[in-house]
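Chain and residue survey
Here is how the chains run, residue by residue.
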Amino acid sequence: MKTVTILGATGSVGSSTLDLIEREPDRFEVFALTAHRDVAKLAAAAIRTRARVAVIADETCLPALREALAGTNIHCAGGPEEVCRTADLGADWTMAAIVGCAGLEPVMAAVEQGGTVVLANKEPLVSAGDVILAAAAHHGATLLPADSEHNAIFQCFDAAQAGRVRRIILTASGGPFREWTTDQMRGVTPEQAVAHPNWSMGAKISIDSATMMNKGLELIEAARLFPIPTDRIEIILHRQSVIHSMVEYIDGSTLAQLGPPDMRTPIAHCLAWPDRMETPMAPLDLVSIGRLDFEAPDPVRFPALALARHALDAGGAKPAILNAANEIAVAAFLARQIGFLEIAAIVADTLDRYDPPAPDTLDDVLMVDTEARRLAGERVKDCVA
Ligand code: NAD
Ligand code: MG
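Counting starts from 1 at the beginning of each chain's written sequence and moves along it residue by residue. Whichever chain is written first becomes A and whichever ligand is written first becomes 1, with later ones labelled in order. Totals for whole chains, interfaces and linings use every residue, but because this is a predicted model, local features are given only for residues with pLDDT of at least 70 and side-chain atom pairs only at 80 or more, for both listing and counting. Processing note: side-chain calculations cover all non-hydrogen atoms of the structure and skip hydrogens and water entirely.

For Phe, Tyr and Trp, where Trp contributes only its six-membered ring, two rings pair if their centres lie within 6.5 Å, and the inter-plane angle classes them as stacked under 30 degrees, edge-to-face over 60, or tilted in between. In this structure the tally under the stated criterion is 5 aromatic pairs. With 5.3 Å between their ring centres and 40° between their planes, Phe 157 and Phe 226 make a pair best called tilted. Placement of the pair is Phe 157 in the loop between α7 (148-156) and β8 (165-172) and Phe 226 in the loop between α11 (213-225) and β9 (233-237), with a sequence separation of 69 residues. The burial state of Phe 157 is the same as that of Phe 226; both residues are buried. Secondary structure elements follow DSSP: runs of H or I no shorter than four residues count as helices, runs of E no shorter than two count as strands, and numbering proceeds from the N terminus. Accessible area is worked out with a 1.4 Å probe on protein chains only. A residue is then buried under 20% of its type maximum, exposed over 50%, and partly exposed in between.

What follows covers the pairing of β9. Residue alternation in β9 divides its side chains into a buried set, Ile 233, Ile 235 and Leu 237, and an unburied set, Glu 234 and Ile 236. With 5 bridges connecting them, β8 and β9 associate as parallel partners. Counterpart to Ile 169 in the pairing with β9 is Glu 234. When DSSP locates at least two bridges between a pair of strands, those strands are taken to pair.

Let us now look at the coordination of the magnesium ion (ligand 2). Counted as coordinating are nitrogen, oxygen and sulfur atoms within 2.8 Å of the metal, or 3.2 Å for Na, K and Ca, while water is not included, which may make sites look incomplete. Within the first shell, the magnesium ion (ligand 2) binds the protein through Asp 147 (OD), Glu 149 (OE) and Glu 218 (OE), at distances of 2.1 to 2.2 Å. Between consecutive donors of the magnesium ion (ligand 2), the numbers of intervening residues give the motif D-x1-E-x68-E. One end of the pair, Asp 147, is in the loop between β7 (142-145) and α7; the other, Glu 218, is in helix α11, with 71 residues separating them in the sequence. Summarising the burial analysis for this pair, Asp 147 and Glu 218 share the class buried.

A word on α7. Counting buried positions along α7 gives 7 out of 9 residues, so the element sits mostly inside the fold. Here a residue-residue contact requires only that any non-hydrogen atoms of the pair lie within 4.5 Å. Taken together, the buried residues of α7 touch β7, β8, α11, β10 (243-249), β11 (254-258) and α12 (264-272).

Right, let's get into the domain arrangement of the protein. Assigned domains of the protein: these are domain 1 (2-145), domain 2 (158-260 + 283-298) and domain 3 (315-385). Domain start and end points were adopted from an automatic or database domain assignment. On a C-alpha basis, the centres of domain 1 and domain 3 stand 26 Å from each other. Every contact between the two is made by 10 residues of domain 1 and, on the other side, 11 residues of domain 3. For the pair domain 1 and domain 3, the summed buried area comes to about 820 Å², and 71% of that belongs to carbon and sulfur atoms. On the domain 1 side of the interface with domain 3, the three residues burying the most area are Val 126, Ser 127 and Val 131, jointly 47% of the side's total. We define a salt bridge as a side-chain nitrogen of Lys or Arg found within 4 Å of a carboxyl oxygen belonging to Asp or Glu. Seen at the junction of domain 1 and domain 3, the total is 0 salt bridges. In protein, a polar contact requires one atom able to donate a hydrogen and another able to accept it; more generally it is a pair of N or O atoms within 3.5 Å, and residues adjacent in sequence count only if both atoms are side-chain atoms. At the boundary of domain 1 and domain 3, one finds 2 residue pairs in polar contact (both at pLDDT 80 or more). Within the residue set of the side of domain 1 that touches domain 3, elements represented by two or more residues are α5 (104-112) and α6 (123-139). Buried area is a sum: the accessible area each of two parts loses on coming together, probed at 1.4 Å, counted once for each and added.

On to the site of ligand 1, then. Throughout, the term near means that a residue has one or more heavy atoms lying within 4 Å of the molecule or strand in question. Close to ligand 1 lie 22 residues; Thr 10, Val 13, His 36, Glu 123 and Gly 202 are nearest. Here Glu 123 contributes a side-chain N or O atom positioned 2.7 Å from an oxygen atom of ligand 1. Methods summary: accessible areas were calculated by the Shrake-Rupley approach with a probe of 1.4 Å, and residue burial reflects only the protein chains presented. About the coverage of ligand 1: the protein hides 86% of its 830 Å² of free accessible area. Here the residues of the shell around ligand 1 sort into 12 nonpolar, 7 polar and 3 charged. Residue classes follow a fixed rule: Ala, Val, Leu, Ile, Met, Phe, Trp, Tyr, Cys and Pro count as nonpolar, while Asp, Glu, Lys and Arg count as charged, and any other residue, Gly among them, counts as polar.

So, on to the side chain of Asp 293. Turning to its location among the elements, Asp 293 is positioned in the loop between α13 (286-289) and α14 (304-314). Only 2.7 Å separates the side chain of Asp 293 from the side chain of Gln 240, close enough to count as a polar contact. Within the structure, Asp 293 has its side chain in polar contact with the side chain of Arg 291 (distance 2.6 Å). When near neighbours in sequence (up to four residues on either side) are disregarded, Asp 293 contacts Leu 237, His 238, Arg 239 and Gln 240.

Read across the sheet, 4 strands follow the order β9-β8-β10-β11 without closing on themselves; strand pairing throughout is mixed. Looking at strand neighbours, the two that pair on one side only are β9 and β11, the edges of this open sheet. Neighbouring strand axes in the sheet, compared pairwise and without regard to direction, differ in orientation by 20° on average. Here β10 pairs with β11 via 5 bridges, running antiparallel. Looking at β11, one finds that Ser 245 is bridged to Gln 257. Axis angles are defined between N-to-C directions and span 0 to 180 degrees, where every axis is a line fitted to C-alpha atoms and, for a helix, only to the segment in contact.

All right, on to the nonpolar core then. Core analysis: the biggest nonpolar cluster contains 59 residues, and Phe 157, Ile 233, Leu 322, Phe 333, Ile 338, Phe 340 and Ile 343 have the highest contact counts within it. Among the elements that make up this core, the one with the highest residue count is helix α15 (residues 318-334) (9 residues). Two domains each donate at least three residues to this core, and these are domain 2 (158-260 + 283-298) and domain 3 (315-385). Every residue in contact with Phe 157, bar those within four places of it in the chain, is listed here: Ala 162, Val 165, Ile 168, Phe 226, Pro 227, Val 247 and Tyr 249. Take the buried Ala, Val, Leu, Ile, Met, Phe, Trp, Tyr and Cys residues and link them wherever side-chain atoms come within 4.5 Å; each set so joined is a nonpolar core.

Further remarks concern a nonpolar patch on the surface. Together, Leu 258, Leu 284, Leu 286, Leu 292 and Phe 294 make up a nonpolar patch on the protein surface, roughly 380 Å² of accessible area in all. Locating Leu 258 in the fold gives a position in strand β11. Patch rule: a residue counts if its relative accessible area is over 30% and it has no salt bridge; like charges are joined within 9 Å, and nonpolar side chains (Val, Leu, Ile, Met, Phe, Trp, Tyr) within 5 Å.

Let us look at unusual backbone geometry. Residue Pro 274 is reached from Trp 273 by a cis peptide bond, and omega for that bond is 5°. With respect to the helices and strands, the residue Pro 274 is situated in the loop between α12 and α13. One non-glycine residue, Arg 50, adopts positive backbone phi at about 50°. Tracing the backbone shows Arg 50 in the loop between α2 (39-49) and β3 (53-56). Residue classification places Arg 50 among the exposed residues on the basis of a relative accessible area of 71%. The residue Arg 336 is not glycine, and still its phi comes out positive at about 60°. Counting through the fold element by element, Arg 336 comes out in the loop between α15 and α16 (340-353).

Take a look at the structure:
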């Protein structure tokens, strides 16, 4: 029996994780589930899975959670520090599926208890990659990547032969505006931007996919996870989302991982690792897919790609600034305060205006994150005015 905690259990990745573990009750036992505000969904999942603990990050929702779980013996708690405390309680396997840097401290808490921590939540790795990796090494935690591209690379990357890897090739679907001109993108609505052609995901990552900032964040994520010079990580457009990424070796061999565009495959890989487990999806039908297309991404229409590459190359605080400004800009776009093209413009502006020393500790990262959010928030106000 593996004990499982899901941080962000009510979201898209959290729900996919629950779907898999509920199919194998003899193999997985739910320890704790956490959510931000969705009491009904959290309580229902906690009851179904007989979780021991349910935590709601927004403390004002705790009375409602208590009421929803009255008569059960599920322990209830509320507040961000309770999410961290629960992450630190020693489940064998923790899914980090909170969205954004709100997941940073819970991820650190999970890492510090030394079990297996599965990272869907990419923003903490972008902002605080070095701090998280150092803590994982120190506490003997195992980090596994659930992001489909990084899971694909993990499956193809022979760590013992890292010096023989020539390139990592990250694939990108290109999002809903892959073929749109910049002018056409100027007027897009949040509804158009969240409608991803291949994947069903939470709102924030769907917007990131539309701007291609998601691939920029994933570039930085790959650089954190795999020991290879950053100029050897390339991005290629592959509209079918069948190949989830590739690793090329110096002898000309390129290894790819293929699968349906469904997060349950990479999550299952992390759930069972180093074993394998069944998933309910139909096998990949390559004959009906028929063809796989590839093209180079367009850096002019998708400036987020170059911003992320520059932040990665500059290092220090820049990836944390990139991520924080993007979170603010995406939230403002979803709230209809700014236009679609202003997302990347606000990120670029915040990166230009703010140049603090490289953060060494979690507290340093959180300070950079807070200040970058403040600066990006000022630009949002300028756009609204
Ligand atoms: P989502 O919006 O569907 O779910 C987010 C979850 O986090 C919810 O359970 C929510 O309650 C919780 N949450 C939100 N804000 C919180 C806060 N302040 N404190 C505590 N909990 C909070 O998001 P998602 O699409 O499941 O994505 C989660 C993470 O996984 C993101 O970092 C995303 O980039 C990454 N990811 C998602 C997918 C996907 O297919 N959805 C694929 C790869 C990576
Ligand atoms: Mg991905």
